[in-house]
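Structure assessment
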Amino acid sequence: MVTEARLSGLGTRWGAVPASALPPPRPAVVAARGALAQAVAGRLSFQDFDRLSYARDLWPLALLWIRQGKVPPPPDAIVWPSTEAQVAEVVKVARKERLALIPYGAGSGVCGGTWAIHGGVTLDLKRFDTIGPVDEAQRAVDVGAGVMGETLERKLNSRGWTLGHFPSSIYCSSVGGWIAARSAGQLSSRYGKIEDMVLSLRAVLGTGELLATPERPFSGPDLAPLLIGSEGTLCAFTGARLRVFPLPEGRVFHGFEFASVAAGLEAIRLIFREGLRPAVVRLYDPFDTAFVGKGKPRGHRAPPTAPSKRGALARSFLPMMLRQVTKQTLGRPKAINKLQGVFSKSRLILMFEGDAKRAEAEDRAATSLCRRLGADDLGEAPGRAWLAKRYDVSYRMSGLIDAGTFADTMEIAAPWERVQEVYERVHAAASPYAFVLCHFSHAYADGCSLYFSFVGSGADEQEIEQRYHGLWRAALAAAVTAGGNVSHHHGVGILKARAMQDALGEGRHALAALKALFDPDGIMNPGKLGLAP
Amino acid sequence: MKGLLEALGPVARLGTDGGVVLEPSDERGLTDALHVLADQGARLHRDATLSRAKLTDVGHVQTKSMTVDVGAGVVLQHLEDRLRTFGLSVGPLSPAAMHLTLAEYLEGPYAGLRAIPGGRLEPLCTKLFAVLPDGRRLETSDAPRSAAGPDLSALVLGGHGRLGLVTRARVRCYPLPEADVRATFSLPSPAAFVTALTRAIADGLWPWRVHVDPRSGRVVAEVRWAGTAHGVERDRELLARCVDAVGGRPSGDTEREGPVSVEHESTWDAVRKGLEAGHALQLFRLSLGTVVARGEVGGMPLDEAGPWTSLAGRLLALDPKAVLGGFP
């Protein structure tokens, strides 16, 4: 028995989580140990260390809790099946014993989608890690649900192909997780979201049945959209056939600065109306523009040198100072947000790729359009700088948490008529709670996504958590009232469950009926998407 | 029959064949009618048919997002005519599709799908208003994309009206093209044709129609596309490069009438095989996955509802009283 479990990666910062914070496994799950072990050929664990590791995803609320020594609800056990038959057998045991089953990819979700709020068994699908050969004629590849994003992309690249899916979590997210939460990558404006890449799916339903959706053409309704985005509440994904693309022959970057957010948004709208298809479209609001800097690509990093006094200062004293300053400053977010009036410039980054001459031609057309709208041409540097650091932002969050703050992001989408209003209303609603930044990306002919970043603090942990919850209530309500949706690509989990159910209106009964059909015993990830356990 | 007609009230009438026809003028009327059918133990398709001829409103055109709310009974060609006055178009659909009502296009074998630049398929509509078998309303989000749970519009799209009945939808439109061009190429083989065209589509070519004809061991393809004045020239250059890369060359052949037959949804593999068998084809709604094809080609006929897979059939449990007719 582990008497004191440390959180991997966080324990050294915030100390240990006492064993008493972890409830013992539920008797019903302990009683099913033999059947579960048989189902997965012995690959299971009831160890506290494993239960603690699987107790959370990357929902920032968990980080706040852990800082306080609280633990999100852990599963009672974890199983690691490697075949669909094993998954089906686990489902059979869970149905018989009425155990909750939580399908688990890589744990990179940010909405609490894998929290074991009713205990039960976490079904880790990472052993579904096969990557088939690229079917060049069909431009497709068969992939196991447990394959990690970066692994898949590297493998495809080595064969001259790309999936075109680059979420900022690519190093710590899996194919199954992408499908479960309807993920989007940074190049989605060209390659689409994950649902656009799925040609067919393999999954085990909550009934224990294996399901393989057909590829077009077929007659009748398409089951795949009813399962994609279900976040483990209807099925566990085991694999998918995905659309792939040849590696781009050419790539062109371009940065512009507009006089206002409105002017930048108009440029994006007209770019898509013109039929241009940039792979990357990112418009930063004035504060975010000020923060992204002047677009210098990351330079060569000097090799590490021997420890110095200056280095020690940088490692200990400065972070401590930063913690104090950050906490004090972010405790008064409204005042900081008011400073945004000082800034007005809004920066746009475009990247075109594919056929080299085509990419250049589309860039020329976009440049002409942006100049007509009065934008300053910043050349290619901002785009290259973004590319060099494009995954960094996700890994800065723990540093902010370390500084005694909270940090989170909210991604929503709206039609073009409402984007500006959604931006302004969410900004105003969130301002009393946190420092607010926003960028606009994942653009379409009919609208785009708004990606808000929030950083806040408070006098103590209790106030910080209150502000965190207050922020989300206010921001989501403002988004929906102004005509935005609940989520563009992070999913729902626990965080947005109520908002999603409200947005569905009477349609929530159809979702509940689907749940009853595919998961009649309610064992699959109970309590998520606002579905009753 | 008479009892059902009376119970349905003014929302129903007798059809020319003597059967009961539901003809609601709004969503509420349809909801009430479904409740009556359920109470009477009656079913659509068996005891009554549904007409959406009165659901023909076309709403205000949203010029920024290029969307418009359209009643389910509006014929797509009529919508196209109406949109032209706003400088918009429904975009490139197949000829047979343009004769369908919005409801027929969304619920029927076309499943409401169209190809978009880049070769993906996406629904014609961004938002659906539908009535479910229990009379409840389904109204999906009008945001361009969502990650808020499963996409419930899949209950309606391609569902043959057995899982939900669309009453209205927000249709995505495109700018009316400034230019409409065509170019003819000679390619060394059907496989080369497929390679060249799919590559061009992946890189942004958005063909409105392709007429392809196998002749003397080669394939002659006439590609038609449209867009802005500059855009069509970019497309012309891209297409020329893709054709050149597989050993093709421009051809001086003039336009010919393509084969006219039932439209099929076909894979590119089926297209290649059709060409290898010597059949001339017309292709529409060209995506990287499938196309709508005319001519002798394998695939799924789009003129009538085909059988469902057994898994899709499981969804009929969502209509336990089979008010919407049960298994097609």
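This text follows the structure it describes.
Remember, predicted model here, so these are calculated numbers, not experimental data.

What follows is about the overall build of chain B. Helices and strands together make up the secondary structure of chain B, namely eight helices and 20 strands. Computed over its C-alpha atoms, the radius of gyration of chain B comes to 22 Å, within 12% of the 20 Å expected for a compact globule of 328 residues. Every one of the 328 residues in chain B was classed for burial, and the buried ones make up 57%. Partitioning the contacts of chain B with sequence separation of at least 6, the portion at a separation of at least 24 is 67%.

All names here are of chain B. Spatially, E1-E2-E3 is the arrangement adopted by the three strands of the open sheet, whose pairing is mixed. Lying at the two open borders of the sheet, with one neighbouring strand each, are strand E1 (12–14) and strand E3 (48–50). Neighbour-to-neighbour, the strand axes of the sheet open up by a mean angle of 30°, direction not taken into account. Where E1 lies against strand E2 (residues 20–22), three bridges are found, and the strand directions are antiparallel. When the bridges of E2 are listed, leucine 14 appears paired with valine 20.

Within the secondary structure layout, tryptophan 416 of chain A lies in helix H19 (residues 416–430). Judged by C-beta crowding, with 25 C-beta atoms within 10 Å, tryptophan 416 of chain A ranks as buried. Sequence separation of tryptophan 416 of chain A and arginine 269 of chain A is 147 residues, and the distance between their C-alpha atoms is 7.4 Å. Apart from the residues lying within four places of it in its own chain, the contact partners of tryptophan 416 of chain A are Arg269, Asp446 and Gly447 of chain A together with Lys64 and Ser65 of chain B.

A few words on helix H20 (residues 461–481) of chain A. All names here are of chain A. Over its 21 residues, H20 extends 30 Å from the first C-alpha to the last, a length consistent with the 30 Å expected when each residue adds 1.5 Å. Considering only its buried residues, H20 is in contact with helix H5 (60–67), strand E17 (406–415), H19, strand E19 (447–456) and helix H21 (497–504). At the exit of H20 stands glycine 483, carrying a positive phi of roughly 105°.

A separate point is the interface of chain A and chain B. Contacts between the two partners involve 69 residues from chain A, matched on the other side by 66 residues from chain B. For the side of chain A that touches chain B, the secondary structure elements donating two or more residues are helix H11 (224–227), helix H12 (261–273), helix H16 (356–372), E17, H19, E19, H21 and helix H22 (507–518) of chain A. Here the side of chain A that touches chain B takes seven residues from H22 of chain A, the largest share from any one element. Counted by class, the side of chain A that touches chain B contains 32 nonpolar, 18 polar and 19 charged residues.

Residues and elements named next belong to chain A. Assignment of secondary structure puts alanine 106 in the loop between strand E5 (101–104) and strand E6 (121–124). Here the alpha-carbon distance between alanine 106 and leucine 211, two residues 105 residues apart in the chain, equals 22 Å. When sequence neighbours within four positions are dropped, the list of residues in contact with alanine 106 reads Met148, Cys172, Ser173, Ser174 and Gly177.

Conventions used here
Residues numbered from 1 in each chain as written. Chains lettered and ligands numbered in written order. Predicted model: local features only at pLDDT ≥ 70, side-chain atom pairs only at ≥ 80, totals over all residues. Helix = DSSP H or I, 4+ residues; strand = E, 2+ residues; numbered from the N terminus. Rg over C-alpha atoms; globule rule 2.2 N^0.38 Å. Buried ≥ 20, exposed ≤ 12 C-beta atoms within 10 Å, placed from the backbone. Contact = placed C-beta atoms within 7 Å. Pairing = 2+ DSSP bridges. Axes fitted to C-alpha atoms, helices over the stretch in contact; angles between N-to-C directions. Expected span 1.5 Å × (residues − 1). Nonpolar A, V, L, I, M, F, W, Y, C, P; charged D, E, K, R; others polar.

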